[in-house]
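# Structure assessment
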Amino acid sequence: MDIFQKLKILADSAKYDASCSSSGSKRKNGGTGIGNGETAGICHSWGADGRCISLLKILFSNACIYDCKYCINRRSNPVARATFTPREVADLTIGFYQRNYIEGLFLSSAVVGSPDDTMMLLISTVTILRQEYHFHGYIHAKSIPGSSKELITKLGLLVDRMSINIELPSQDSLKLLAPQKEKDGILTPMTHIAKSIAENKQDHSRKKSLFVPAGQTTQLIVGATPESDLKILKLSQGLYQKMNMKRVYYSAYVSVNQDSSLPTLESPPLLRENRLYQADWLLRFYGFQAEELLDDTHPNFNTLLDPKCDWALRHIDQFPVEVNTASYFTLLRVPGIGVISAKKIVMARRQCHLDFASLKKLNVVLKRAQYFITCQGKTMYPRKELSPSCIESSLLRLERNTSPTSSALWGDQLSLFSHLPPTKEDKVKCLTGNL
Amino acid sequence: MPNWKLINQTLLYDGTFDGLLTIVFDCYTTKTLPQKIASHQTYEPNFLDKPRLIQTDEAKANRIFHGIEKVIGQDALTHSFYCFLCTEANKEITILKYLCDGFEIGPKINQKLTISYVYDVIRMHRKAFGECHRLKGLLRLQEVGPNLFYGSCHPDHAILEPLGHHFMRRLPNQNLMIHDQTHHLCFITNGKTYQIIEDTHLVIPTISKQEKQFQDLWKLFFKTIAIPERKNPRCQMQFMPKKYWQDLIEEP
């Protein structure tokens, strides 16, 4: 089998992994070898699905011994199988990197033989890159569930980022769809990596070797199993707090297999995935808690409004806020004001009082924020127009005006409000792993 | 900047950053504000203008350069340099006002975002810097000789130098040619030293068979990695505007 066929099969099998970020590592080139890490990460291209291509994302092999029902590479699927050699992967990575196609390598694998055997193959590939080619670019490696601690540590010392995918957000779903995997097989190595990263950070000696400097991530599949958004978000929150996770990726379930225990979806639940990403940002950068955004009476996100607007309308008593005096974290809770705008406001108001005109000058987008703020005590609209229902209808009208006509793609997403087309923003912002 | 004397003159410089800093020096010491500053290469004579060419003086430019670093800070230097690379009209006068005000106020100038020229400098900086960052990802290199790599781009802003430095640091063992087709310049480096030349005599050799194979592998990978069920050309185009497509190997 030639390299073209192998690349086709193994890139095709790897494409369902959402993560493709190349940020967080500061590996520097001292004048020898090849490559230089960029802390902010660099996207090199964008595929037809709008997801960024930053890393050469491939599986080492797709000849899996497991039979997870949602997975395209399950043992019982009649797909073509291929396996790279460590040398082939290393040469391909260097060739692509020299031509500036990629920022580094994303190496995952199906389980070949045993978890430990597979880990050994990944380690030897990465060793060629780091020690023979002196490659300082980015490497993201999957840790294989069920592999031993020693091998995880060995791999962690070579790569920039490691991840173990949880995929199914509860133990019941795991039992149903991935009967050969166990919760402990995923959580034990995850804890081990988290602990090792923390220990490595404590070590201040100059000669220490880096251990997973860009942190660890994981991925959850959305829509394959019946978990609510609240349950998924609580799980992410737990992972951020306890495992010190860098990112949790959400992957809208794409029906690739036919099975009685799997739902048959016409199209992947992209809107739901987008809402989860929005909420994920609120958890990480905006100081929100999962319990604030959703509760048992509203276990799923509003399909029409983004999570922050939805929260603000339910807590209208906390608004409007005065931009000249509100704290940074209060400003962050205003719909339409993000981290950059909030920082600009805090910086600019030290110099002079702000009014609506100066906010416009600062390029703070007022489309949503105008209903939730005051400038020197003045609101943009008469106060009687600022009831939750009025704001909601104006916000929705704003979105509708700019929205193109609906496409069939979104039909089953908006089951309750299917007569309303999704907004332009919803379509464009199908966020993926590139942020 | 209060009490500065407005003079009805257009000052011309030689199109280099040092030339602009010389003008900044002259204006700052005489407390005068010209009507317009332009590079003499792009300046179009006008019946109403009174142009005067200012000779670049390296000593003056150096004093201003170190003065900015010391008094206003490193950020101001980056802001004004990237703003200078931006191809917007009136960037020179904006930089002059920003720097001269900065010398009075100090690093706090960067917080005064409601002053239009401060905001404009930062906005133009972001524009040029953003394009440079984008091209760091989108530039494609082709092997055109043994260990010689050529990449072509069409940037709006004159960001060839910072772009070239990025690749020099990143690929120190390769000989690189980065060709800016908008400004007809070429950045040439062997990993240790670099030079920027005009592209009038540049001949682009053809690519080898091995290079063709890598390009085909990349095209194959690019096509395969997209999930067909999630096709979203609008999103793709938003991140990767069509003007960059001409220099890509892959066909989006």
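In this text the structure is predicted, and so the values were computed from the model without any measurement.

## Let's talk about the sheet that holds strand 5 (residues 148-153) of chain B
All names here are of chain B. Strand order in the open sheet formed by 5 strands is 4-5-6-7-8, with mixed pairing between adjacent strands. Either end of the sheet is taken by a strand with one partner, and the two such strands are strand 4 (141-145) and strand 8 (194-198). Going from strand to strand, the sheet's axes swing by 25° on average, the running direction of each strand aside. As paired strands, strand 4 and strand 5 are joined by 4 bridges and run antiparallel to one another. Residue pairing for strand 5: Gly145 is matched across the bridge by Leu148.

## Some points on the domain arrangement of chain B
Much of the literature gives interface size as the accessible area that the parts lose upon coming together. Residue and element names in this part refer to chain B. Domain boundaries in chain B define domain 1 (5-130) and domain 2 (139-247). Distance from the C-alpha centre of domain 1 to the C-alpha centre of domain 2: 32 Å. Summing both partners gives a buried area of about 510 Å² for domain 1 against domain 2, and 63% of it is carried by carbon and sulfur. Interface area lost by domain 1 to domain 2 is led by Leu85, Thr87 and Ala128, which between them contribute 65%. Run the count over domain 1 and domain 2 and you get 0 salt bridges. The tally of links between domain 1 and domain 2 comes to 3 residue pairs in polar contact (both at pLDDT 80 or more). A per-class count over the side of domain 1 that touches domain 2 returns 4 nonpolar, 1 polar and 1 charged.

## Observations concerning the environment of Val365 of chain A
Residues and elements named next belong to chain A. Summarising the element assignment, Val365 is placed in the loop between helix 13 (356-361) and strand 10 (373-375). Of the residues examined, Val365 reaches a relative accessible area of 53% and is grouped as exposed. Sequence separation between Val365 and Ser341 is 24 residues; the distance between their C-alpha atoms is 8.2 Å.

## A closer look at unusual backbone geometry
That bond from Phe319 of chain A to Pro320 of chain A is cis: its omega, -10°, falls within 30 degrees of zero. Looking at the element boundaries, Pro320 of chain A is found in the loop between helix 10 (307-314) and strand 9 (321-322). If you check the backbone angles, Glu167 of chain A has positive phi at about 60° while not being a glycine. Note that Glu167 of chain A resides in the loop between strand 6 (161-163) and helix 5 (171-177). A positive phi angle, close to 65°, is found at Asn90 of chain B, a residue other than glycine. In this structure, Asn90 of chain B sits in the loop between helix 3 (74-85) and helix 4 (91-105).

About the cut-offs
- Residues numbered from 1 in each chain as written.
- Chains lettered and ligands numbered in written order.
- Predicted model: local features only at pLDDT ≥ 70, side-chain atom pairs only at ≥ 80, totals over all residues.
- Heavy atoms only, no water.
- Pairing = 2+ DSSP bridges.
- Helix = DSSP H or I, 4+ residues; strand = E, 2+ residues; numbered from the N terminus.
- Axes fitted to C-alpha atoms, helices over the stretch in contact; angles between N-to-C directions.
- Domains from an automatic or database assignment.
- Buried area = accessible area lost by both parts, 1.4 Å probe.
- Salt bridge = Lys/Arg side-chain N within 4 Å of Asp/Glu carboxyl O.
- Polar contact = N/O pair within 3.5 Å; in protein donor to acceptor, adjacent residues only side chain to side chain.
- Nonpolar A, V, L, I, M, F, W, Y, C, P; charged D, E, K, R; others polar.
- Buried < 20%, exposed > 50% of the residue type's maximum accessible area, 1.4 Å probe, protein only.

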